[in-house]
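As a plain string of letters, each chain reads:
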Amino acid sequence: DAGVIQSPRHEVTEMGQEVTLRCKPISGHDYLFWYRQTMMRGLELLIYFNNNVPIDDSGMPEDRFSAKMPNASFSTLKIQPSEPRDSAVYFCASSFTSGNLEQYFGPGTRLTVT
Amino acid sequence: DQQVKQNSPSLSVQEGRISILNCDYTNSMFDYFLWYKKYPAEGPTFLISISSIKDKNEDGRFTVFLNKSAKHLSLHIVPSQPGDSAVYFCAASAGSWGKLQFGAGTQVVVTP
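Residues numbered from 1 in each chain as written. Chains lettered and ligands numbered in written order. Predicted model: local features only at pLDDT ≥ 70, side-chain atom pairs only at ≥ 80, totals over all residues. Heavy atoms only, no water.

Draft legend 1. Highlighting the overall build of chain A. Secondary structure assignment for chain A yields zero helices and eleven strands. Listing the helices and strands of chain A from first to last along the sequence gives β-β-β-β-β-β-β-β-β-β-β. When its C-alpha atoms are laid out on the principal axes, chain A stretches across 40 × 30 × 25 Å. In chain A, which comprises 114 residues, the share counted as buried stands at 50%. Counting only carbon and sulfur atoms, one obtains 50% of the accessible surface of chain A, whose full area is about 5,600 Å². Across chain A, the 10 positively charged side chains and the 13 negatively charged ones have centroids separated by 4 Å. (Helix = DSSP H or I, 4+ residues; strand = E, 2+ residues; numbered from the N terminus. Buried < 20%, exposed > 50% of the residue type's maximum accessible area, 1.4 Å probe, protein only. Areas by Shrake-Rupley, 256 points an atom, 1.4 Å probe, with all protein chains shown as cover. Lys, Arg positive; Asp, Glu negative; His and termini not counted. Charge placed at Lys NZ, Arg CZ, Asp CG, Glu CD.)

Draft legend 2. Region of interest: the environment of Arg-85 of chain A. Residue and element names in this part refer to chain A. Among the secondary structure elements, Arg-85 is positioned in the loop between strand 8 (74-79) and strand 9 (88-95). For the pair Arg-85 and Thr-112, spaced 27 residues apart in sequence, the C-alpha separation works out to 9.0 Å. Within polar-contact distance, the side chain of Arg-85 engages the side chain of Glu-62 at 2.8 Å. (Polar contact = N/O pair within 3.5 Å; in protein donor to acceptor, adjacent residues only side chain to side chain.)

Draft legend 3. How the structure looks around the sheet that holds strand 3 (residues 19-25) of chain B. Residue and element names in this part refer to chain B. If you walk across this open sheet you meet the five strands as 1-3-8-7-6, and the pairing is antiparallel. Looking at which strands have only one partner, the edges of the open sheet turn out to be strand 1 (4-5) and strand 6 (56-59). Pairing analysis gives four bridges linking strand 6 to strand 7 (residues 62-67), with the strands arranged antiparallel. Bridge pairing links Asp-59 to Phe-62 in strand 7. (Pairing = 2+ DSSP bridges.)

Draft legend 4. Region of interest: the state of the cysteines. Tallied over the entire structure, the rule returns two disulfides over all chains. Between the sulfur atoms of Cys-23 of chain A and its disulfide mate Cys-92 of chain A the distance is 1.8 Å. Disulfide Cys-23 of chain A to Cys-92 of chain A: torsion about the S-S bond roughly -65°, handedness left-handed. Note that Cys-23 of chain A is positioned in strand 3 (residues 19-24) and Cys-92 of chain A in strand 9, a separation of 69 residues in sequence. For the pair Cys-23 of chain A and Cys-92 of chain A, one class covers both residues: buried. The disulfide partner of Cys-23 of chain B is Cys-90 of chain B, and the gap between their sulfur atoms is 2.0 Å. Measuring handedness by torsion sign, the sulfur bridge of Cys-23 of chain B and Cys-90 of chain B sits at about -75° and is left-handed. You can see Cys-23 of chain B sitting in strand 3 and its partner Cys-90 of chain B sitting in strand 9 (residues 86-94), a full 67 residues away along the chain. Accessibility assignment for this pair places Cys-23 of chain B and Cys-90 of chain B in one class, buried. (Disulfide = S-S within 2.5 Å.)

Draft legend 5. Here's a closer look at the environment of Val-110 of chain B. All names here are of chain B. Residue position: Val-110 is located in strand 11 (residues 106-111). The exposure class of Val-110 is buried, given its relative accessible area of 7%. With 95 residues separating them in the primary sequence, Val-110 and Glu-15 have C-alpha atoms 5.6 Å apart. Those residues in contact with Val-110 that lie beyond four places of it in its chain are Val-13, Gln-14, Glu-15, Ser-80, Gln-81, Pro-82, Asp-84 and Ser-85. (Contact = heavy atoms within 4.5 Å.)

Draft legend 6. Structural view of the nonpolar core. All names here are of chain B. Core analysis: the biggest nonpolar cluster contains 23 residues, and Leu-21, Phe-33, Trp-35, Leu-73, Leu-75 and Tyr-88 have the highest contact counts within it. Elements with a minimum of two residues in this core: strand 3, strand 4 (30-38), strand 5 (45-51), strand 7, strand 8 (72-77), strand 9 and strand 11. When residues in this core are grouped by element, the largest group, four residues, is from strand 9. (Core = buried A, V, L, I, M, F, W, Y, C linked by side-chain atoms within 4.5 Å.)

Draft legend 7. Highlighting the side chain of Ser-49 of chain B. All names here are of chain B. For Ser-49, the position within the fold is in strand 5. Here Tyr-32 takes part through its side chain, which lies 3.1 Å from a polar atom of the side chain of Ser-49. Among residues more than four places away in sequence, those in contact with Ser-49 are Tyr-32, Phe-33, Leu-34, Asn-57 and Val-64.

Next up, the structure:
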């Protein structure tokens, strides 16, 4: 399997613009997670889905952030409007309902908002 | 509030010696712990895990020890190899299924 695929790998945008990050989980995985990594806050969970349904979005920082999972093989994280403090690396991860909590991470999207 | 803490941001060790990474947690509800390894420009990859019913789990050169009374776990890498140079994250979860809380990470550098 190709692993978790994220696009783009790098995104540079101006403040106020809309940003959409994309993720394709590993086929057959029924959980999908979006994380953000910053120097200040480390690796923090934003939202996760089970069988395409959002389960917990308590980590989403503001209403400017939204996430969707229209089908089992695709998810998006959207920031509208973007701000410089949103600059971070965003990771998508997926896992089975196996109880061992092992999550498989994508390579991440490095977002820079100027 | 950081519930999982890795107080050593970096660790330098000679090739062939033991690397010991430490992790402390504050939430007594945590009962499953994982270590992840991360190379630059890549996502974290799962390394080893342990549940609270055990105090030790071993996988090749990697051993994780859990001290529940002290709310402390450690990862031992023996012997350390240059390819082990990476950032190591400790993570914890409450319940058989729960969100993972990650520590800040420890940068390990293995020198020749």
